Amino acid sequence: MKKLIQNFLVFFVIFLLIAAVFSALTDSGKKSQIVGIEELISHINNDQVSEIVIDGNKLNISLRDSSQIIVLKESGESLSDLIRNYQVDTEKVLAVKTIVKQESSWAYFLVNVAPFLFPFLIIGFFIFFMMRGVQGANNRAISFGQSSAKDFKADANNRTTFKDVAGAKEAKEELQEIVEFLKFPKKFHELGAKIPRGVLLLGAPGTGKTLLARSVAGEAKVPFLHMSGSEFVEMFVGVGASRVRSLFEKAKKVAPCIIFIDEIDAVGRRRGAGLGGSHDEREQTLNQILVEMDGFEPTQNIIVIAATNRPDVLDPALLRPGRFDRRVMIDLPDLKDREDILSVHARKKPLAKNVDLKKIAARTAGFSGADLANILNEAAILAARENKKEIVNEHLFEAIEKVMIGPERKSRVINDKEKKITAYHEAGHALVSHFLPDADPVHKVSIISRGSAGGYTLKAPSEDKHMHSRSEFISEIAVLLAGHLIEKKIFGEVTTGATSDLRRATALARSLVTDYGMSDNLGPRTYGEKEEMIFLGREIHEQRNYSERTAERIDEEISSFIKQGENKAVAIIEKHQAVLEKIVEALLAKETIEKDEFELIVGPKPIVA
Ligand code: ADP
Ligand code: MG
Ligand code: ZN
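Figured I'd write up the structure that's included with this text. Starting from 1, residues in each chain are numbered consecutively following that chain's sequence as written. Each chain is given a letter, starting from A, and each ligand a number, starting from 1, according to the order in which they appear as written. Per-residue local features are limited, in this predicted model, to residues with pLDDT of at least 70; the limit for side-chain atom pairs, both in listing and counting, is 80 or more; totals at the level of whole chains, interfaces and linings are taken over all residues. As a rule here, side-chain values cover all heavy atoms of the structure and leave hydrogens and water aside.

A word on the overall build of the protein
Counted only if it meets this: We count a stretch as a helix when DSSP gives it H or I for four or more residues in a row; a strand needs E for two or more, and each element gets its number in order from the N terminus. Burial classes follow relative accessibility: with a 1.4 Å probe on protein chains only, a residue under 20% of its type's maximum area counts as buried, one over 50% as exposed, and anything between as partly exposed. Every residue pair with non-hydrogen atoms within 4.5 Å of one another is taken to be in contact.
The number of helices and strands found in the protein is 21 helices and 16 strands. Taken over 609 residues, the protein has a buried fraction of 42%. Long-range pairs, those at least 24 residues apart, make up 72% of the contacts in the protein between residues at least 6 apart in sequence.

Structure follows, in structure tokens:
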């Protein structure tokens, strides 16, 4: 579009120039007065005319008093015709010297040929410019294979550092290690330690993945080669792969450095999946990334950081050791983090004294960092529109609504009632998980909505476990059911918030029966052939290899396992009601409770007897 306007401007200037030349040539000669034909006749009759120069349609007349006049005539009408119409003395006309001026070839050309040529010229120019445009595209196609990675040179003043990233404490801690690797590689090489090659940042959109990656480069003061996964996928097959190659070439030249591949799920989807036309290209690109990552020496100090919000669709080969074996989760910010993020983005904005960012943070449960940055920006725009010098509370509140109702809102804000239900629900999961000796210790409880769940309870085994017993699975079912059971107990009815819990509990119970052979009644065998049928994404197709009658028994067994889990959960909930209330209280106040705080409330975890 810009190009088109530019071309038009060029044409316009050319047109003006031609017009100027044209008028200069035709309007040559001294400034003389233009008069009517009658005046010429009277001059002739009075013997005042010395010379008439016929110049096309113009009669340049020199008078005896050496002044000049001009008479215009119609083209095609000769001077003699003209004069004949008037009463003029023929003698006197003959006495006047008449010269027919040969038009200069240039003027002739301009007057007679140029008007015809001009449209052709314009068309010619158009074609020329268009050809140039196409050629440009061709040139681009040739340089296509070159990565167009943007290289943010370590600009001392403009560097993004961890200071620009509020919250995300754990993520920063993990990435600090990468910074150390890049800053002091020798320290690690001397001890024979291998520097990690790939780090995968996982997190919802807007949680600051790109920002964090950039800040790692800023902290380590190394170049940052930034490329988005979708940039690899172009219209020509093979371009993606060659871009990857050139990206890594470039990186090797500027190492130590960081290669950042944003939205890696665009290329890193499970291979062999889908019927889409572009998948060949994606596959080649992904293969090339894998080859390059395996190819560079550990001493080259290149660290590849990739970001995605869809870890579930990634090809397992990407996650293998030696590739993106480090994974850093970035959660949606909790209350405190939100306040910090707000203050980072408020740094350059004049806030009124009564603005309390804590309050804003409290109102924005479920917002991502990008949403919060957006709120401050919207508030600033609102303030500017009102010609205010500073941002007041009202601007911020209005901005929250604007961002919320706007089409971009994906995270949800929880009202007080939902918040309470969520608090009880999550407290239930946490309580049961804590008090069942063979369930995992709780690491974090939160009522910040995430995905489709209103809140979440993070638990992790205290040590790596590769085998699980039946009672562990039943405890797991108990923990999953706890949210639902508490909702029923406290509020008398259940919400849709427990749907995914129930689904998971049922799936787990089914696996106990059909995959793990843990049902005494059905015996040690598996039921059903699982077959990965991939069509437009990933889907598992199950083939039945058992009778209807067995199917019924499987269903009975599943219900029995669910019942066992339920009983386990109910027993705990009845026994520890007071503790439950305390957890809920803490959750409503803080939204997120970390492990330490949680254990202060509930006491130490009972140990397996
Ligand atoms: P993602 O890549 O995870 O989608 P970005 O890194 O692009 O998110 O974040 C978008 C914007 O949101 C950032 O430019 C920044 O202004 C803001 N932001 C997100 N998280 C934070 C944070 N933790 N601290 C400060 N600003 C943040
Ligand atoms: Mg991003
Ligand atoms: Zn739940």
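A few points about the pattern of salt bridges
Inclusion rule: Put simply, a salt bridge is a Lys or Arg side-chain nitrogen that is within 4 Å of an Asp or Glu carboxyl oxygen.
This model, assessed by the stated rule, comprises 16 salt bridges. A salt bridge links Arg347 to Asp164, with the nearest nitrogen and oxygen atoms 2.9 Å apart. You can see Arg347 sitting in the loop between α12 (335-345) and α13 (357-363) and its partner Asp164 sitting in the loop between β6 (150-152) and α6 (169-183), a full 183 residues away along the chain. Here Arg510 and Asp555 are joined by a salt bridge, their closest N and O atoms 3.8 Å apart. One end of the pair, Arg510, is in helix α18 (residues 499-514); the other, Asp555, is in helix α19 (residues 548-575), and 45 residues separate them in sequence. Using a relative accessible area of 31% as the deciding quantity, one classes Arg510 as partly exposed. Shared partners join several salt bridges into a network, and the residues in it are Asp294, Arg320 and Arg323.

Describing the layout of surface pockets
So the rule is basically this: Computed over the protein atoms alone on a 1 Å grid, cavities are sets of points where a 1.4 Å probe fits but cannot get out and pockets are open sets with protein on both sides within 12 Å along at least five of seven lines; a residue lines them when it has an atom within 4 Å of a point. Grid points are joined across faces, edges and corners, and a volume is the space filled by probe spheres set on the points. Charged residues are taken to be Asp, Glu, Lys and Arg, nonpolar residues to be Ala, Val, Leu, Ile, Met, Phe, Trp, Tyr, Cys and Pro, and polar residues to be all remaining types, Gly included.
What the second largest pocket holds in volume is close to 990 Å³. Considering the residues around the second largest pocket, the lining is formed by 41 residues, among which Gly167, Ala168, Lys169, Glu170 and Asp337 are closest to the centre. Mapped onto the lining of the second largest pocket, the elements with two or more residues apiece are α6, β11 (326-330), α12, α14 (369-385), β12 (442-446), β13 (456-459) and β16 (592-594). Among the elements that line the lining of the second largest pocket, the one with the most residues is α12, at 7 residues. Split by residue class, the lining of the second largest pocket holds 18 nonpolar, 8 polar and 15 charged.

Focus on the packing of helix α17 (residues 470-491) against α18
What counts is decided by this rule: For helices, the fitted axis covers only the stretch in contact; all axes are lines through C-alpha atoms, and the angles between them, taken along N-to-C directions, range from 0 to 180 degrees. For classification purposes, an angle smaller than 35 degrees is called roughly parallel, one larger than 145 roughly antiparallel, one from 65 to 115 roughly perpendicular, and anything else oblique. Note: crossing handedness is left-handed where the near helix turns anticlockwise from the far helix by less than a right angle, and right-handed where it turns clockwise.
As a packed pair, α17 and α18 sit with axes 9 Å apart at the nearest point and diverge in direction by 160°. Judged on the interaxial angle alone, α18 and α17 are roughly antiparallel. The handedness of the crossing between α17 and α18 is left-handed. Across the interface between the two elements, Phe473, Glu476, Ile477, Leu480, Leu481 and His484 of α17 pack against Asp501, Leu502, Arg504, Ala505, Leu508, Ala509 and Leu512 of α18. In terms of residue class, the contact of α17 with α18 is built from 9 nonpolar, 1 polar and 3 charged.

Quick word on the coordination of the zinc ion (ligand 3)
This is how it is decided: Each metal site lists N, O and S donors within 2.8 Å (3.2 Å for Na, K and Ca). With water left out of the atoms, a site can look as if it is missing ligands.
Taken together, His425 (NE2), His429 (NE2) and Asp501 (OD) make up the protein donors of the zinc ion (ligand 3), found 1.9 to 2.0 Å from the metal. We note that the donor set of the zinc ion (ligand 3) lies within a single chain, spaced as H-x3-H-x71-D. In this pair, His429 is assigned in helix α16 (residues 416-435) and Asp501 in helix α18, connecting sequence segments 72 residues apart. Both residues of the pair, His429 and Asp501, count as buried.

Digging into the nonpolar core
Cut-off, in case you're wondering: Among buried residues, those of type Ala, Val, Leu, Ile, Met, Phe, Trp, Tyr and Cys that are joined through side-chain atoms within 4.5 Å constitute a nonpolar core.
Grouped together as the largest cluster of nonpolar side chains are 48 residues, with contacts concentrated most on Val432, Ile477, Ile583, Leu587 and Phe598. Among the elements that line this core, the one with the most residues is α17, at 10 residues. Those residues in contact with Ile477, other than ones at most four positions away along the chain, are Ala505, Leu508, Ala509, Leu512, Phe561, Ile562 and Gly565. If you look at the next biggest cluster of nonpolar residues, it comprises 27 residues, including Phe162, Val216, Phe224 and Ile258.

Here we look at the site of ligand 1
Rule in force here: Nearness here has a simple test: a residue counts as near a molecule or strand if at least one of its heavy atoms is within 4 Å of that partner. Polar contacts, as used here, are pairs of N or O atoms within 3.5 Å; protein pairs need one atom able to donate a hydrogen and one able to accept it. Residues neighboring in sequence count only if both atoms are side-chain atoms. Surface exposure here means Shrake-Rupley accessible area, sampled with a 1.4 Å probe, where a residue is shielded only by the protein chains that are shown. Here the criterion for a molecule occupying a pocket or cavity is that more than half of its atoms lie within 2 Å of the pocket grid points.
Taken together, 16 residues form the shell around ligand 1, and within it Ala166, Gly206, Lys209, Thr210 and His345 come nearest. Between ligand 1 and Ala166, the relevant distance is 2.7 Å, taken from a nitrogen atom to a main-chain nitrogen or oxygen of the residue. In this structure, an oxygen atom belonging to ligand 1 sits 2.7 Å away from a main-chain N or O atom of Gly206. Calculation on ligand 1 without its partners gives an accessible area of 560 Å², and the protein chains cover 80% of this total. Taken atom by atom, the bulk of ligand 1 overlaps the second largest pocket. The set of elements that each furnish at least two residues to the shell around ligand 1 consists of α8 (209-220), α12 and α14. Looking at side-chain class alone, the shell around ligand 1 contains 8 nonpolar, 6 polar and 2 charged residues.

Concerning helix α2 (residues 37-45)
As a reminder of what qualifies: Summarising the geometry, the arc corresponds to the directions from the helix axis toward the C-beta atoms.
Burial in α2 covers these residues: Ile37, Leu40, Ile41, His43 and Ile44. Viewed along the axis of α2, the buried residues span an arc of 160°, placing them on a single side of the element. In the core, the buried residues of α2 are packed alongside β1 (33-35), β2 (49-55), β3 (58-63), β4 (68-72), α3 (79-84) and α4 (90-95). Note on α2: the residue one or two positions beyond its end, Asp47, has a positive phi of about 65°.

Topic: the environment of Leu481
Topologically, Leu481 is positioned in helix α17. Taking relative accessible area as the criterion, Leu481 reaches 5% and is therefore assigned buried. As for Leu481 and Ile562, which are separated by 81 residues in sequence, their C-alpha atoms are 8.6 Å apart. Discounting residues that sit within four places of it in the chain, Leu481 has contacts with Leu502, Ala505, Ile562, Gly565 and Glu566.

That is the geometry; function is a separate question.
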